[in-house]
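Results of the structural survey
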Amino acid sequence: MNVTVLDYGSGNLRSAERALARGGAEVTVTSDYTAAMEADGLVVPGVGAFAACMAGLRAVRGERIIDRRLAAGRPVLGICVGMQILFGTGVEHGVTTEGCGEWPGTVERLDAPVLPHMGWNTVSAPEGSVLFDGIDPDTRFYFVHSYGVRKWELDAGPGFRDPLVTWSEHGVPFVAAVENGPLMATQFHPEKSGDAGARLLANWLGTLR
């Protein structure tokens, strides 16, 4: 079971590497196209501004890697801004940036009295979640962000299974995690969320077998 953490100039690369290794994975941190395509699982981390993350991702053909892996049914996990860039657009300081477009929707500033949203918060996971299997509903995860997806816009339609969407709240409800076949993502940082984060990563690694 080997996992590539995509290095595109953004994200807590070593923290993610260590957390995944503790879960039993053989982990490589690289921007190499072939390694990212051939790994059993790909993790796309991300911190900072949406536009900067997209620029870094495009520089290593990351959006193409994600799209081609998903077309082949190969697992991808986005973390924090690595989740946000999977959506259609991001709006920061009045500037709209095109994302990867794997899901429709807009990443926008949270309407909250205190930003960034920094610290531990509970989430509301749907029935049947794989990522949150075995995790107590009152468990808190570690968030650091000022932007998020406040409206889920994908309607899978007849004959297709709707993605499982997990929500949290800081001022307003926002998407905290998504499970959509081979594409999964979390707004919070599982690699910084203690035992609960370790369990979530182990659950994701279990989908690679």
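What you are looking at is a predicted structure, and each value in this text was computed from that prediction instead of being measured.

The next thing to look at is the nonpolar core. Judged by nonpolar contacts, the single largest core of 63 residues is most densely connected at L20, L57, I66, I85, F132, F141 and W204. Ranked by residue count, the leading element in this core is strand β12 (residues 172–180), at six residues.

Our focus in this paragraph is the pairing of strand β5 (residues 87–92). Where β5 meets strand β7 (residues 103–109), three bridges bridge the pair, whose relative direction is parallel. Paired with T89 across the strands is T106, a residue of β7. One ladder, built from four bridges, connects β5 with strand β6 (residues 95–98); its direction is antiparallel. Residue pairing in the sheet places E92 in a bridge with V95 of β6. The antiparallel pairing of β5 with β6 creates a hairpin that spans two residues between the two strands, and H93 there sits at a positive phi of about 55°.

UniProt feature "domain: Glutamine amidotransferase" (unreviewed entry): in the numbering of this structure it lies at residues 5–204. In residues 5–204, helix accounts for 26% and strand for 34%; the two terminal C-alpha atoms are 14 Å from one another.

Spatial strand order, β6-β5-β7-β10: four strands in an open sheet with mixed pairing. Of all the strands in the sheet, the pair left with one neighbour each is β6 and β10 (147–149). Neighbour-to-neighbour, the strand axes of this sheet turn through a mean angle of 20°, independent of strand direction. One ladder, built from three bridges, connects β7 with β10; its direction is antiparallel. Bridge assignment links V107 to a residue of β10, and that residue is V149. Along the sheet, helix α3 (residues 50–59) contacts β5, β6 and β7; its crossing angle with β6, the most-contacted strand, is approximately 30°.

Next up on the list: the UniProt feature "active site" (unreviewed entry) in the protein chain. Using the residue numbers shown here, the UniProt feature "active site" (unreviewed entry) corresponds to C80, H189 and E191. A maximum C-alpha distance of 10.8 Å among these annotated residues, which run over 112 residues, shows that they cluster at one spot. Among the residues just listed, C80 and H189 line the largest pocket. The topology assignment puts C80 in the loop between β4 (76–79) and α5 (81–84). Setting aside anything within four residues of it in sequence, one finds C80 in contact with G46, V144, T186, Q187, F188 and H189. With respect to the secondary-structure elements, E191 resides in the loop between β13 (183–186) and α6 (194–206). When its relative accessible area of 12% is taken as the criterion, E191 is described as buried. If we skip the residues at most four places from it in the chain, E191 touches N12, S15, A16, A19, I79 and L201. Reaching out from E191, the side chain makes a polar contact with the side chain of N12 at a distance of 3.5 Å.

Rules behind the numbers
- Residues numbered from 1 in each chain as written.
- Predicted model: local features only at pLDDT ≥ 70, side-chain atom pairs only at ≥ 80, totals over all residues.
- Heavy atoms only, no water.
- Core = buried A, V, L, I, M, F, W, Y, C linked by side-chain atoms within 4.5 Å.
- Buried < 20%, exposed > 50% of the residue type's maximum accessible area, 1.4 Å probe, protein only.
- Helix = DSSP H or I, 4+ residues; strand = E, 2+ residues; numbered from the N terminus.
- Pairing = 2+ DSSP bridges.
- UniProt positions renumbered as here; feature names shortened; annotations may be inferred.
- Axes fitted to C-alpha atoms, helices over the stretch in contact; angles between N-to-C directions.
- Contact = heavy atoms within 4.5 Å.
- 1 Å grid on protein atoms, 1.4 Å probe; cavity = no way out; pocket = protein on both sides within 12 Å on 5 of 7 lines; lining within 4 Å.
- Polar contact = N/O pair within 3.5 Å; in protein donor to acceptor, adjacent residues only side chain to side chain.

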